Amino acid sequence: MSRGGIRLCRKYGCGMPFPDGLEGCKVLDLGCDAGRDAFVLSQLVGEHGIVVGVDMNPHQIAKAEQYLNYHMAKFGFMALPNVKFKHGYLENLQDLNLKEKYFDVIVSNCVMNLCSDKRSVLSQAYNHLKSGGEMYFNDIYASCPIPESLKENNEFWGERFSGALWWEDLHALCDEIGFHPPLIKEVNPVFLAVEELRRRAPTCECFCLPSADPPPKGLRFASVTYRIFKPLNNAAAPKAAIYNGKLLNCSDTWEFTHDLVFKTGVPRNISKEYVSILETSRFRTRFKFQEVIDKKMIHEHTKTNPFDMIPDPYANLSGLVGYSI
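Everything quoted here is computed from the prediction, not taken from an experiment. (Residues numbered from 1 in each chain as written. Predicted model: local features only at pLDDT ≥ 70, side-chain atom pairs only at ≥ 80, totals over all residues. Heavy atoms only, no water.)

### Examining the overall build of the chain
The following threshold applies: In DSSP terms, a helix is any run of H or I states spanning at least four residues, a strand is any run of E spanning at least two, and both are numbered starting from the N terminus. Exposed residues in this analysis have more than 50% of their type's maximum accessible area, buried residues have under 20%, and partly exposed residues fall in between, with area computed by a 1.4 Å probe over protein chains only. For the area figures, the Shrake-Rupley method with a 1.4 Å probe applies, and any residue is considered shielded solely by the protein chains shown.
Check the secondary structure of the chain and you find nine helices and 17 strands. For the chain, buried positions account for 51% of its 325 residues. Here the chain displays about 15,400 Å² of accessible surface, and carbon together with sulfur accounts for 50% of that area.

### Describing the sheet that holds strand S15 (residues 268-270)
Spelled out, the test is: In short, DSSP must find at least two bridges between two strands for them to pair. Axes, fitted as lines to C-alpha atoms, cover a helix only where it is in contact. Angles between the N-to-C directions of the axes lie from 0 to 180 degrees. Contact definition: two residues touch when any of their heavy atoms are within 4.5 Å.
With respect to topology, three strands assemble into an open sheet ordered S15-S12-S16, the strand pairing being antiparallel. Each end of this open sheet is capped by a strand with a single partner; those strands are S15 and strand S16 (287-290). Sheet twist, expressed as the average angle between the axes of neighbouring strands with direction ignored, equals 35°. Sheet analysis places strand S12 (residues 239-243) next to S16, joined by four bridges and oriented antiparallel. Its bridge partner being in S16, Ala240 is matched across the sheet by Gln290. Along the sheet, helix H9 (residues 272-280) makes contact with S12, S15 and S16, crossing S15 at roughly 105°.

### A few points about the pairing of S12
Counting buried positions over the five residues of S12 gives four, a clear majority of the element. Pairing analysis gives three bridges linking S12 to S15, with the strands arranged antiparallel. When the bridges of S15 are listed, Ala241 appears paired with Arg268.

### What about the nonpolar core?
This is how the line gets drawn: Joining through side-chain atoms within 4.5 Å is the link that ties buried Ala, Val, Leu, Ile, Met, Phe, Trp, Tyr and Cys residues into a set, and such a set is a nonpolar core.
Formed by 36 residues in total, the largest nonpolar core has its most connected members in Leu28 and Met135. Listed by contribution, the elements that provide at least two residues to this core are strand S3 (26-30), strand S4 (50-55), strand S6 (103-109), helix H4 (118-128), strand S7 (129-142), helix H7 (167-177), strand S9 (183-190) and strand S11 (221-229). Dropping the residues within four chain positions of it, Met135 is found in contact with Leu30, Ile106, Leu122, Ala125, Leu129, Tyr226, Arg227 and Ile228.

### Details of unusual backbone geometry
The backbone of Asn97 shows a phi angle near 60°, a positive value even though the residue is not glycine. For Asn97, the location among the structural elements is in the loop between strand S5 (83-87) and S6. Residue Asn97 is classed as exposed on the basis of its relative accessible area, which comes to 71%. Of note, the phi angle at Cys110 is positive, near 55°, even though the residue is not glycine. Note that Cys110 resides in the loop between S6 and H4. Owing to a relative accessible area of 2%, Cys110 belongs among the buried residues under this scheme.

### Digging into empty space enclosed by the protein
Put simply, the rule reads: Put plainly, a pocket is an open set of points on a 1 Å grid over the protein atoms alone with protein on both sides within 12 Å along at least five of seven lines, a cavity is a set where a 1.4 Å probe fits but cannot get out, and a lining residue has an atom within 4 Å of a point. Grid points are joined across faces, edges and corners, and a volume is the space filled by probe spheres set on the points.
Evaluated as defined, the whole model comprises three cavities of 30 Å³ or more. Considering only enclosed or pocket space, the second largest cavity measures out at about 80 Å³ in volume. Lining the second largest cavity are His171, Pro182, Leu183, Ile184, Tyr226, Thr257, His258, Asp259, Tyr274, Thr302, Lys303 and Thr304.

### What about the environment of Phe191?
Residue placement: Phe191 occurs in the loop between S9 and strand S10 (192-193). The class for Phe191 is partly exposed, based on a relative accessible area of 37%. Linking Phe191 and Arg220, residues 29 residues apart in sequence, is a C-alpha distance of 8.2 Å.

Structure follows, in structure tokens:
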């Protein structure tokens, strides 16, 4: 079946990995499955852009390639297809003959939690991004480190809980690799039913059963959309940024992060970290920059705990855990 010209296929995502300003961009889709997101991205980058999808599952790659001509014909790109797929591991992109420092944007939809070596995934993404490029990705994150007993449970891995990265570790990895600090775009709670966890994890102490390594108190999960940028110039200074309203469907305002929204034509004082990103990324043509207007009103970059952004709606309800154990 199809919807809006896109043939639907199986996809196990947890978000919408489609940032603004993709026209003409070279985009790498990490964990593309059967190609749903890649085909959406194909329309967003247009005839002058390119999308490369990578997945470790050869059956999913075969399914994506099965519908490639269908979508290229629908989008009018048959003469010069703008999508291709590669079978391989996200930790080993260097084995796929992809150009380093080539992609404007890398996206991923709830896949990195299934990778055992997340540092390698982020490091490979860094190597394949242009300077000023962005990694825009959704994933399941934990409020604290995941104990080994859960990491060793294959079913929890498949459900994307065992491999969830502690949000603090994401910041540490980005700093180590050389990315700008992660910026939050959106956060949503994730939860499971107690009966389902009993069936899948009969050793959890939280169900009054024996366990050598019970889940820590307060363990929560959330779906978080992050954007991280590869630095080009760290010598920026605070400036007033004026958005020109020319991003698609963002003529009046543009939400860059959850707490930084630009109104068209209105100067917004931003810190040197944000200036460094906006002046060197693909968004640079969407802004004019000038001296700050009031140094006391500069929007500073701050490290944000995603779990502070969402209340726990199940704290006083029995029968639901996973979002809050």
